[in-house]
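Now for the letters of each chain:
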Amino acid sequence: MSNNSVMDWKEVLKNRLSASKKVEKMEEEKKEEEMALFTKNYMEWKGGGKRDYSYNNIPRFYYRLPAEDDVLQQKLREESRAVFLQRKSRELLDNEELQNLWFLLDKHQTPPMIGEEAMINYDNFLKVGEKAGAKCMQFFTARVFAKLLHSDPYGRISIMQFFNYVMRKVWLHQTRIGLSLYDVAGQGYLRESDLENYILELIPTLPQLDGLEKSFYSFYVCTAVRKIKIQDILACSFLDDLLELRDEELSKESQESNWFSAPSALRVYGQYLNLDKDHNGMLSKEELSRYGTGTFTNVFLDQVYQECLTYDGEMDYKTYLDFVLALENRKEPAALQYIFKLLDIENKGYLNVFTLNYFFRAIQEQMKLHGQEQVSFQDVKDEIFDMVKPKDPCKITLQDLVNSSQGDTVTSILIDLNGFWTYENREVLVANDNDSSADLDDT
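The present account deals with the structure reproduced in this document. Predicted model only: the values in this text are computed from it and were never measured. (Residues numbered from 1 in each chain as written. Predicted model: local features only at pLDDT ≥ 70, side-chain atom pairs only at ≥ 80, totals over all residues. Heavy atoms only, no water.)

## Focus: the overall build of the chain
The helix and strand inventory of the chain stands at 23 helices and four strands. Each of the 443 residues in the chain was classed as buried or not, and the buried ones make up 35%. Only carbon and sulfur atoms are counted for the fraction: they give 52% of the accessible area of the chain, which is about 28,700 Å². (Helix = DSSP H or I, 4+ residues; strand = E, 2+ residues; numbered from the N terminus. Buried < 20%, exposed > 50% of the residue type's maximum accessible area, 1.4 Å probe, protein only. Areas by Shrake-Rupley, 256 points an atom, 1.4 Å probe, with all protein chains shown as cover.)

This is how it looks when you write it as structure tokens:
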């Protein structure tokens, strides 16, 4: 082989090698570029890159719930909530710690006493807080002391009032934790089924319900429950009324006025059975028309059956309970909301003159049937607007009714002949009551 041929082969090999290195270098550069791009995007995604400041300041507010078929995530969430509630429960004062707190408060009382009531000033209040332990620190603040400070000339608060305040706070937290255990969805409210389970397990612990037969439990639970937020349960008298049934010496009057008592539940259920003339377990419009004094207008009852849940035109026990609750508590905002929805036939969110006339015409028809003297709608309309004093002089909203504190009177005038008659003759009825009281005083 000639020297020229050897030289040609060497050149070819050098060129090939050089080209190969260039390709490798290009590949490495590509990989480096890809890694740099990946790192940049990853750091931005993780929050390490440059981002808009407003975005950084917005906290995360949405956590997606695991899918129902994601058993592992559902179980993890359930266990996490259970651990969280256990931890919160351990943070509460137990009976021994409450007794120790009472002992410290009594030991640091500040004389003189007011009658038999021991008092404590702010300095001693802080001393007790230091000795009571970490769990109690949340109660020993200037805010709490100021909240309980009334008109004591020495600037002291009642030890008993403070201790009751602590007891009430502990009870509220314990109750919230207990209710949260029944919050299967973990969304801060109890569904109807959740609350049913809570009430059902609570029944054996309430002495006032000892006389209930187990066959009536399901009807009792229906009477007591609806979907409700846990915070709403704690804020209203729901639990106070329910747990009042633990009192074995509860008076008959208190039981009759307590919606959750056995006599009250049996009364409502007995009314339902008496109205159900065909004994099919449901109430037709004709059967419901005999409710109370039997003087509800047909127009109003038509709206009830049009707006409320019915089955083939008949009302079941749960829908009946909503109806009874609203009519027996017409002063309450929730009851007014129920009735307002029935009166708002145009779904406009307010009642106008046309709506008032529509319902009052039915009252006038009933008055005619009973041979009563007719009353002018214009007079009634003017009285209603004078009572409510709405923001808009031509419209009455639900909030107007609530704010006026006359919602129960206005709704009674529009839906019930007996309610209208009571309003129309209110001065005569008051005079009769006064005469009766005077007669009793004379005797």
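## Notes on a negative patch on the surface
On the surface, Glu 27, Glu 28, Glu 29, Glu 32, Glu 33 and Glu 34 cluster together into a negatively charged patch. Looking at where Glu 27 falls in the secondary structure, it is placed in helix 1 (residues 3-46). For Glu 27, a relative accessible area of 40% puts it in the partly exposed group. (Patch = residues over 30% accessible without salt bridge, like charges linked within 9 Å, V, L, I, M, F, W, Y side chains within 5 Å. Salt bridge = Lys/Arg side-chain N within 4 Å of Asp/Glu carboxyl O. Lys, Arg positive; Asp, Glu negative; His and termini not counted. Charge placed at Lys NZ, Arg CZ, Asp CG, Glu CD.)

## Observations regarding the packing of aromatic side chains
All chains considered together, the criterion is met by 24 aromatic pairs. Pairing Tyr 272 with Tyr 320 gives two aromatic rings, centres 5.1 Å apart and planes at 55°, and the pair type is tilted. Taken together, the residues Tyr 272 in helix 13 (residues 262-275) and Tyr 320 in helix 16 (residues 317-328) connect sequence positions 48 residues apart. The exposure classification of Tyr 272 matches that of Tyr 320, with both residues buried. Among the aromatic residues, ring-to-ring pairing joins Phe 216, Phe 219, Tyr 269, Tyr 272, Tyr 291, Phe 296, Phe 300, Tyr 317, Tyr 320 and Phe 323 into one connected group. Directly above the ring of Tyr 350 sits Lys 395, whose terminal nitrogen or CZ lies 4.6 Å from the centroid. (Phe/Tyr/Trp six-rings, centres within 6.5 Å; stacked < 30°, edge-to-face > 60°. Lys NZ or Arg CZ within 6 Å of the ring centre and 35° of its normal.)

## Brief notes about helix 4 (residues 95-107)
The end-to-end C-alpha separation of helix 4 is 18 Å, in line with the 18 Å expected for 13 residues at 1.5 Å each. Every buried residue belonging to helix 4 is among Leu 98, Leu 101, Leu 104 and Leu 105, and all of these are buried. When helix 4 is viewed along its axis, its buried side chains cluster within an angular range of 120° and face the same direction. Residues of helix 4 that are exposed and angled more than 90 degrees away from the buried face: Asn 95, Glu 96, Gln 99, Phe 103 and Lys 107. At its buried positions, helix 4 is contacted by strand 1 (119-120), helix 5 (122-132) and helix 7 (159-180). In this structure Asp 94 caps helix 4, since a side-chain oxygen of it lies 3.2 Å from the backbone nitrogen of Glu 96. (Expected span 1.5 Å × (residues − 1). Arc of directions from axis to C-beta. Contact = heavy atoms within 4.5 Å. Polar contact = N/O pair within 3.5 Å; in protein donor to acceptor, adjacent residues only side chain to side chain.)

## Some remarks on the pattern of salt bridges
Per the counting criterion, the structure on display carries twelve salt bridges. For Glu 97, the salt bridge goes to Lys 135, with nearest N and O atoms at 3.3 Å. On the criterion of sequence distance, the pair formed by Glu 97 in helix 4 and Lys 135 in the loop between helix 5 and helix 6 (142-148) is long-range, its members being 38 residues apart. With relative accessibility at 28%, the residue Lys 135 sits in the partly exposed group. The partner of Lys 318 in a salt bridge is Glu 196, and the shortest N-O contact between them spans 3.7 Å. A residue pair is termed long-range when its members are at least 10 positions apart, and Lys 318 in helix 16 and Glu 196 in helix 8 (residues 192-202) qualify at 122 residues. According to the relative accessible area criterion, Lys 318 is partly exposed, its value standing at 29%. Taken together, the shared-partner salt bridges connect Arg 87, Lys 88 and Glu 91 into one network.

## As for helix 8
What helix 8 keeps buried is the set Asp 194, Leu 195, Tyr 198, Ile 199 and Leu 202. Projected down its long axis, helix 8 carries its buried residues within an arc of 130°, all on one side.

## Observations regarding the packing of helix 4 against helix 7
As a packed pair, helix 4 and helix 7 sit with axes 11 Å apart at the nearest point and diverge in direction by 160°. The pairing of helix 4 with helix 7 is recorded here as roughly antiparallel in orientation. By crossing handedness, the relation of helix 4 to helix 7 is classed as right-handed. Side by side, helix 4 and helix 7 meet where Leu 98, Leu 101, Trp 102 and Leu 105 of the first sit next to Ile 159, Met 160, Phe 162, Phe 163, Val 166 and Met 167 of the second. Looking at the contact of helix 4 with helix 7, its residues break down into ten nonpolar, no polar and no charged. (Axes fitted to C-alpha atoms, helices over the stretch in contact; angles between N-to-C directions. Parallel < 35°, antiparallel > 145°, perpendicular 65-115°, else oblique. Left-handed = near helix turned anticlockwise from the far one by under 90°. Nonpolar A, V, L, I, M, F, W, Y, C, P; charged D, E, K, R; others polar.)

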